[in-house]
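Geometric and topological summary
One letter stands for each residue in the lines below.
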Amino acid sequence: MVTKQFSGSPDEADLRRADSLAREIFADVANKWALLIIEALGERTLRFSELRGEVEGISHKMLTQNLRMLERNGLADRKVHPTVPPRVEYSLTEPGLALRQTVDTMCDWTHRYLGHIEASRGRFDA
């Protein structure tokens, strides 16, 4: 499916349309790795290896793909320092920091209802 290019005001965007740019953005940022990367980068600027240590279980490939996606969407900034070997650091941009507030709210919600969800799953799966 080809994503519709956005034109007009954000208020006119139909977020429910299958070809909406917003749907593509939702798909990009609403995956488990992107959320965890945004949460980690909200604390401070990190090098690739530091970020990989912060996001337990992520593969090199998944981290690379998600960082590229965040950078493409203007949510993360990649800075290369001219050293040997090159030092690369990642940080959130202003829109990325704004998104982190939403991610923090989701994390708070998860902590609040984790026990409830676990109990519900236990009853459902029994």
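Predicted, not measured: the structure shown is a model, and the values here were computed from it.

The periodicity of an α-helix, 3.6 residues per turn, causes residues three or four places apart in sequence to face the same way. Taken residue by residue, helix 1 (residues 21–29) has A22, D28 and V29 as its buried positions. The arc that holds every buried residue of helix 1, seen down its axis, measures 120°, which confines them to one face. If you follow the buried residues of helix 1, they end up packed against helix 2 (32–41), helix 4 (60–72) and helix 5 (94–125).

Within the secondary structure, C107 sits in helix 5. Here the alpha-carbon distance between C107 and L36, two residues 71 residues apart in the chain, equals 9.7 Å.

Turning our eyes to something else, we now look at the pairing of strand 2 (residues 76–81). Pairing between strand 2 and strand 3 (residues 87–92): six bridges, direction antiparallel. For V80, the partnering residue across the bridge sits in strand 3 and is V88. In textbook terms, the turn of a hairpin is the stretch between consecutive antiparallel strands, and for strand 2 and strand 3 this stretch comprises five residues.

A separate point is the sheet that holds strand 2. The strand order 1-3-2 describes an open sheet built from three strands, whose pairing is antiparallel. The open sheet terminates on both sides in strands that have one partner only, identified here as strand 1 (46–47) and strand 2. Sheet topology places strand 1 next to strand 3; two bridges connect them, and they run antiparallel. Note that in strand 3 the partner of R47 across the bridge is E89.

This brings us to the packing of helix 2 against helix 4. Between helix 2 and helix 4, whose axes approach to 10 Å, the crossing angle comes to 75°. The orientation of helix 2 relative to helix 4 falls into the category roughly perpendicular. When helix 2 is examined against helix 4, the residues W33, A34, I37, I38 and L41 are found in contact with a partner set consisting of M62, L63, N66, L67, M69 and L70.

A few words on unusual backbone geometry. In this model, V84 is joined to P85 through a cis peptide bond whose omega is -5°. Among the secondary structure elements, P85 is positioned in the loop between strand 2 and strand 3.

Right, let's get into helix 5. Its maximal kink placed at Y113, helix 5 deviates by approximately 55°. What helix 5 keeps buried is the set G96, R100 and V103. The elements touched by buried residues of helix 5 are helix 2 and strand 3.

A few words on the nonpolar core. By size, the foremost hydrophobic cluster in this structure holds 22 residues, and its most contacted members are I37, L41, L51, V55, L63, L67 and L70. Put simply, the parts of the chain that give this core at least two residues each are helix 2, helix 3 (48–54), helix 4 and strand 3. For this core, the element with the highest residue contribution is helix 2, accounting for six residues. For I37, the contacting residues outside a window of four places in its chain are L51, V55, I58, L63, N66, L67 and L70.

Conventions adopted
Residues numbered from 1 in each chain as written. Predicted model: local features only at pLDDT ≥ 70, side-chain atom pairs only at ≥ 80, totals over all residues. Heavy atoms only, no water. Buried < 20%, exposed > 50% of the residue type's maximum accessible area, 1.4 Å probe, protein only. Helix = DSSP H or I, 4+ residues; strand = E, 2+ residues; numbered from the N terminus. Arc of directions from axis to C-beta. Contact = heavy atoms within 4.5 Å. Pairing = 2+ DSSP bridges. Axes fitted to C-alpha atoms, helices over the stretch in contact; angles between N-to-C directions. Parallel < 35°, antiparallel > 145°, perpendicular 65-115°, else oblique. Bend = angle between axes of the 7 residues up to and from the residue. Core = buried A, V, L, I, M, F, W, Y, C linked by side-chain atoms within 4.5 Å.

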